[in-house]
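# Descriptive structure summary
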Amino acid sequence: MKLCKKLGLWVALAATLIAPTACIDDPVDALDDVLVVDNRIPDFSVDMSNGERVSGADLRKQTSVIVFFHTSCPDCQQVLPLIQRLYDVYAEQGVAFALISRAETAPSIEAFWSEKNLSMPYSAQDDNDIYELFARRRVPRVYVTSSDGVIKHIFTDNPLPTFEQLEGAVQSQL
């Protein structure tokens, strides 16, 4: 009986340690969202992989797509190629894109980008500080904002958005 109790404690501890970075196993909770539709995006600043610096103030000046991801997340692996398709069409039309990792380093992201032939700039964040300005848990998270920085659409993994849904959200803000 003591062995079962100890095993149970180890399982609970392992689940606690994994939960902050899990994606599809994170429980769905209304308190996950820090920001919701009709909120303005907060002040923040990140360095992108192409050498540019992107800030909340910059993104509040144009229609924006803000994506939080972790490349080990199966749902993110499905959504990121859709975001690449959006980027290929709409970045040239003045839509700003900010892809920001949730506690993932540049080498890990670079390997995934290379494997999947992605070219979008991203910001590797070693921690959750920027992410937690938007949400408490669950990735992917895609925010589409109006040209004044107001969140108009939020997509998560419940359910995963289609390309048509993402494109419709961007189109609605142009």
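See the structure shown above.
Residues numbered from 1 in each chain as written. Predicted model: local features only at pLDDT ≥ 70, side-chain atom pairs only at ≥ 80, totals over all residues. Heavy atoms only, no water.

Attention now goes to helix α4 (residues 106-116). When α4 is considered as a whole, its buried residues turn out to be Ile109, Phe112 and Trp113. With its buried residues spanning 100 degrees around the axis, α4 presents them on a single face. Residues of α4 that are exposed and angled more than 90 degrees away from the buried face: Pro107, Ser114 and Glu115. Asn117 sits one or two residues past α4 and shows a positive phi near 55 degrees. (Buried < 20%, exposed > 50% of the residue type's maximum accessible area, 1.4 Å probe, protein only. Helix = DSSP H or I, 4+ residues; strand = E, 2+ residues; numbered from the N terminus. Arc of directions from axis to C-beta.)

Before going further, it helps to spend a moment on the pairing of strand β7 (residues 151-155). Here four bridges tie strand β6 (residues 141-145) to β7, and the two strands are oriented antiparallel to one another. Residue Thr145 lies in a different strand from β7, and its bridge partner there is Ile151. Two successive antiparallel strands, β6 and β7, enclose a turn made up of five residues, where Gly149 displays a positive phi of approximately 80 degrees. (Pairing = 2+ DSSP bridges.)

This part is about the nonpolar core. Core analysis: the largest hydrophobic core is formed by 46 residues, its most contacted members being Phe68, Leu80, Ile83, Leu99 and Trp113. Contributions of two or more residues to this core are made by β3 (64-69), α3 (74-90), β4 (96-101), α4, β6, β7 and α5 (163-171). The element that contributes the greatest number of residues to this core is α3, accounting for seven residues. Excluding residues within four positions of it along the chain, Leu80 makes contact with Val67, Phe69, Leu99, Phe112, Trp113, Leu118 and Met120. (Core = buried A, V, L, I, M, F, W, Y, C linked by side-chain atoms within 4.5 Å. Contact = heavy atoms within 4.5 Å.)

Remember that the coordinates give geometry; whether it matters functionally is a separate question.
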